[in-house]
Amino acid sequence: MYKTPCSRLSGVVGVSLKQLIQNVPHCNQTARCLIQLHKRDPSRWLTYQHLNFLKRQYVTKNNSELHQRAAQKAAPCPTSVEERDDNGVERRVQRIPTLDPVLTDNVSSSENITSKAPPGISTSEPYDDAAVREDSALCVVGAPKETPHVHVETDEAREARLDRQWKQLKVDGAQLPDIYAQLAKIKLTALVVTSAAAGYAMAPVPFDPVIFVVASLGTCLASCSANSINQYFEVPFDSNMNRTKNRPLVRGQISPLHAVSFALACGVPGVALLTLAVNPLTGFLGGLNIFLYTCCYTPLKRHSIANTWVGALVGAIPPVMGWTAATGCLEPGALLMGGFLYCWQFPHFNALSWNLREDYSRGGYRMMSVTHPGMCKRVALRHSLGLIGLSTVAPALGVTTWTFPVISLPINLYISYLAFVFYRRGDRSSARKLFFCSLWHLPMLLLLALTCKKPRGGPEEAAAPALALQS
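Please read these numbers as outputs of a predicted model, since none were measured by experiment.

### Observations regarding the overall build of the protein
Looking only at helices and strands, the protein features 21 helices and 4 strands. Taken over 471 residues, the protein has a buried fraction of 35%. Within the protein, contacts between residues separated by at least 24 positions form 69% of all contacts whose residues are at least 6 apart in sequence. Counting only carbon and sulfur atoms, one obtains 61% of the accessible surface of the protein, whose full area is about 29300 Å².

If you want it as structure tokens, here you go:
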């Protein structure tokens with residue numbers, strides 16, 4: 001009985017498997033094709049800012065290089081044309097150059113005709129220039145019939161051409177204060193300092209004007225630094241939005257290195273002032289706020305709608321800083337003041353972003369109003385009602401008296417009503433009304449809280465701990 005060796009058997013099995021694989025139709029979307037498709041897909045590119053102050057690189061492809069495809073060269077025009085006459089004789093006619101040679105004055109017209117005759121045509125016979133030009137038109141299509149002349153560029157045209165090109169940046173010293181104010185977002189910085197001052201005033205400690213001024217100055221510098229770094233990172237995206245296309249870095253009024261230097265000149269002294277002159281806790285909160293705003297909130301705006309919650313947390317830290325600057329510790333009252341700012345920002349910003357949806361979409365920002373419009377309206381209404389609950393909790397924490405929930409109820413109900421109308425309608429008019437109401441609602445709420453601040457203990461109560469220690 002004949003037995004097949006194992007090697008021969010394995011060879012037969014291998015050949016069978018190879019034939020089977022060859023018969024199976026190949027799929028174009030193999031693993032390698034999918035990987036290449038992933039690399040070529042522009043949606044997979046990483047968009048970030050390379051921290052190089054002298055040369056900005058805003059868009060870079062991940063693990064690959066950007067390639068350019070050279071344009072194909074035009075097919076060369078033949079130097080001669082073959083034609084057939086009436087007798088059936090083929091002849092080759094050379095193409096006449098499109099630019100006529102410049103002739104001197106001492107050359108006669110007959111010599112001109114003779115010299116212009118192309119090779120292959122006898123110069124002793126009369127030369128039909130029009131016929132040859134008509135034949136050469138078969139090769140040169142659309143050639144200019146007029147003799148070209150040298151273009152002389154005027155001074156005005158030269159200046160206009162140079163204005164359209166990159167040139168050396170010249171900063172006017174008289175415009176620097178206005179440029180710095182735009183970099184610092186002076187209105188937003190004023191709101192931050194106001195909320196920090198309110199947190200300091202609500203703290204149950206004696207008012208110290210020196211610490212108050214130093215804390216306000218440090219908070220102002222930290223806010224200016226964070227806003228400047230934010231604009232440095234968002235230059236390519238701000239240029240696509242109507243609301244931000246006139247910012248200094250977008251218009252080229254100031255260089256990126258100058259803007260970053262201004263941010264460092266504000267941030268480092270600001271955090272140092274809060275740490276050394278006030279207390280380390282306030283300095284830590286100031287540095288944390290800069291980090292959250294520049295490294296968390298700014299990149300999240302283009303990736304997730306969670307950026308709104310992170311931005312609300314950033315806005316809630318300044319009143320907490322004011323409280324810790326006065327007391328030196330983190331208490332429930334500080335968290336309550338931060339909660340007011342946290343809840344207020346949702347109806348304020350959601351109403352603002354609702355009318356700027358087209359702008360945010362062009363800039364590539366993932367906002368709730370763009371990607372989740374229903375959630376945008378619900379969140380605004382939910383946090384408007386949260387302001388009523390926080391106002392009720394304030395007396396229980398010993399921050400205000402019980403009159404504060406009563407006198408703040410009308411303005412809280414009004415902003416909640418406008419948020420409800422915005423939730424039901426979801427149009428531009430209701431969003432605009434809610435936004436303008438939020439502008440005066442926060443200062444009014446903080447002012448009412450300050451007027452209803454729970455008074456500190458009298459002199460007898462203040463002297464009681466000292467007497468207890470002495471005894």
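Back to the text.
### Comments concerning the nonpolar core
Proteins that are soluble and globular tend to have nonpolar side chains buried together. Core analysis: the largest hydrophobic core is formed by 60 residues, its most contacted members being W323, F340, L387, F404 and L434. For this core, the leading source of residues is helix α14 (residues 332-354), giving 10 residues. Once you skip the residues sitting within four places of it in the chain, F340 turns out to touch L387, L390, S391, F404 and L445. Membership of the second largest hydrophobic core comes to 13 residues, among which are L183, C224, V235 and A259.

### Focus: the pattern of salt bridges
Opposite charge on two side chains lets them pair, provided their charged atoms get close. Tallied over the full model, the rule gives 4 salt bridges. Its salt-bridge partner being E234, residue K301 comes within 3.0 Å of it at the nearest N-O pair. Of this pair, K301 sits in the loop between α12 (280-300) and α13 (307-327) while E234 is found in the loop between α8 (209-233) and α9 (235-238), placing the two residues 67 residues apart along the sequence. Overall, the relative accessible area of 9% leaves K301 in the buried class. The residue E358 makes a salt bridge to R428 at a minimum N-O spacing of 3.0 Å. Here the residue E358 occupies a position in helix α15 (residues 357-363), and R428 occupies one in helix α20 (residues 428-451), the gap between them amounting to 70 residues. Judged by relative accessible area, R428 falls into the partly exposed class, the value being 36%.

### Some points on the confidence of the model for the protein
Any region with low pLDDT has predicted coordinates that should not be read closely. Mean pLDDT over the protein works out to 76, with 63% of the residues at or above the 70 mark. The secondary-structure element of the protein with the lowest mean pLDDT is strand β2 (residues 59-60), recorded at 38, while helix α19 (residues 409-425) shows the highest, at 96.

### Describing the environment of P405
Assignment of secondary structure puts P405 in helix α18 (residues 403-407). Overall, the relative accessible area of 14% leaves P405 in the buried class. The sequence separation of P405 and L448 amounts to 43 residues, and the corresponding C-alpha distance is 9.6 Å. With residues up to four places along the chain from it excluded, the contact list for P405 reads S391, T392 and P395.

### Here's the deal with unusual backbone geometry
For K185, which is not glycine, the phi torsion reads 50° and is therefore positive. Relative to the helices and strands, K185 is located in the loop between α6 (176-183) and α7 (186-202).

### With respect to α13
Over its 21 residues, α13 extends 31 Å from the first C-alpha to the last, a length consistent with the 30 Å expected when each residue adds 1.5 Å. Most of α13 is tucked away, with 18 of its 21 residues classed as buried. Two residues or fewer past α13, G328 is found with a positive phi of approximately 80°.

### Examining the packing of aromatic side chains
Taken as a whole, this structure holds 15 aromatic pairs when the rule is applied. What links up through ring pairs into an aromatic cluster is the set F237, F349, Y360 and Y365. One Lys or Arg, K301, reaches over the ring of Y365 and ends 4.6 Å from the middle of that ring. The ring centre of W354 lies 4.1 Å from the NZ or CZ of R357, which sits over that ring.

### Remarks on the packing of helix α17 (residues 373-396) against α19
Orientation of α17 relative to α19, taken along the N-to-C sense of each, is 165°, at an axis distance of 8 Å. As the angle between them shows, α17 and α19 are arranged roughly antiparallel. In the crossing of α17 with α19, the sense of the turn from one axis to the other is left-handed. Contact residues: α17 offers C376, K377, R378, A380, L381, S384, L385, L387, I388 and S391, while α19 offers L409, N412, L413, I415, S416, A419, F420, F422 and Y423. Across the contact of α17 with α19, the residue classes break down as 13 nonpolar, 4 polar and 2 charged.

### Things to note about a nonpolar patch on the surface
On the surface, Y414, Y417, W440, M444, L447 and L450 cluster together into a nonpolar patch covering about 600 Å² of accessible area. For the nonpolar patch, the secondary structure elements donating two or more residues are α19 and α20. Inspection of the secondary structure assignment puts L450 in helix α20. Given a relative accessible area of 40%, L450 falls into the partly exposed group.

### Regarding the side chain of K377
Turning to its location among the elements, K377 is positioned in helix α17. Lacking a salt bridge, the buried K377 has D427 as its closest oppositely charged neighbour, with an N-O distance of 8.9 Å. Leaving out residues up to four positions away in the same chain, K377 has contacts with W354, F422, Y423 and G426.

### Some points on the state of the cysteines
Applying the stated rule across the entire model yields 0 disulfides. Of the cysteine sulfurs around C295, a residue in no disulfide, the closest is that of C296, at 6.4 Å. With relative accessibility at 44%, the residue C295 sits in the partly exposed group.

### Observations regarding the environment of H303
With respect to the helices, strands and loops of the structure, H303 is situated in the loop between α12 and α13. Given a relative accessible area of 54%, H303 falls into the exposed group. Sequence separation between H303 and R366 is 63 residues; the distance between their C-alpha atoms is 6.2 Å.

### A few points about the packing of α7 against α20
For the pair α7 and α20, interaxial distance at closest approach is 10 Å and the crossing angle is 15°. Classified by the angle their axes make, α7 and α20 are roughly parallel. The chirality of how α7 crosses α20 is left-handed. Touching L191, A198, A201 and M202 of α7 are L442, L446, A449 and L450, all from α20. Residue composition of the contact of α7 with α20, by class: 8 nonpolar, no polar and no charged.

What counts and how
- Residues numbered from 1 in each chain as written.
- Predicted model: local features only at pLDDT ≥ 70, side-chain atom pairs only at ≥ 80, totals over all residues.
- Heavy atoms only, no water.
- Helix = DSSP H or I, 4+ residues; strand = E, 2+ residues; numbered from the N terminus.
- Buried < 20%, exposed > 50% of the residue type's maximum accessible area, 1.4 Å probe, protein only.
- Contact = heavy atoms within 4.5 Å.
- Areas by Shrake-Rupley, 256 points an atom, 1.4 Å probe, with all protein chains shown as cover.
- Core = buried A, V, L, I, M, F, W, Y, C linked by side-chain atoms within 4.5 Å.
- Salt bridge = Lys/Arg side-chain N within 4 Å of Asp/Glu carboxyl O.
- pLDDT = per-residue confidence, 0-100.
- Expected span 1.5 Å × (residues − 1).
- Phe/Tyr/Trp six-rings, centres within 6.5 Å; stacked < 30°, edge-to-face > 60°.
- Lys NZ or Arg CZ within 6 Å of the ring centre and 35° of its normal.
- Axes fitted to C-alpha atoms, helices over the stretch in contact; angles between N-to-C directions.
- Parallel < 35°, antiparallel > 145°, perpendicular 65-115°, else oblique.
- Left-handed = near helix turned anticlockwise from the far one by under 90°.
- Nonpolar A, V, L, I, M, F, W, Y, C, P; charged D, E, K, R; others polar.
- Patch = residues over 30% accessible without salt bridge, like charges linked within 9 Å, V, L, I, M, F, W, Y side chains within 5 Å.
- Lys, Arg positive; Asp, Glu negative; His and termini not counted.
- Disulfide = S-S within 2.5 Å.

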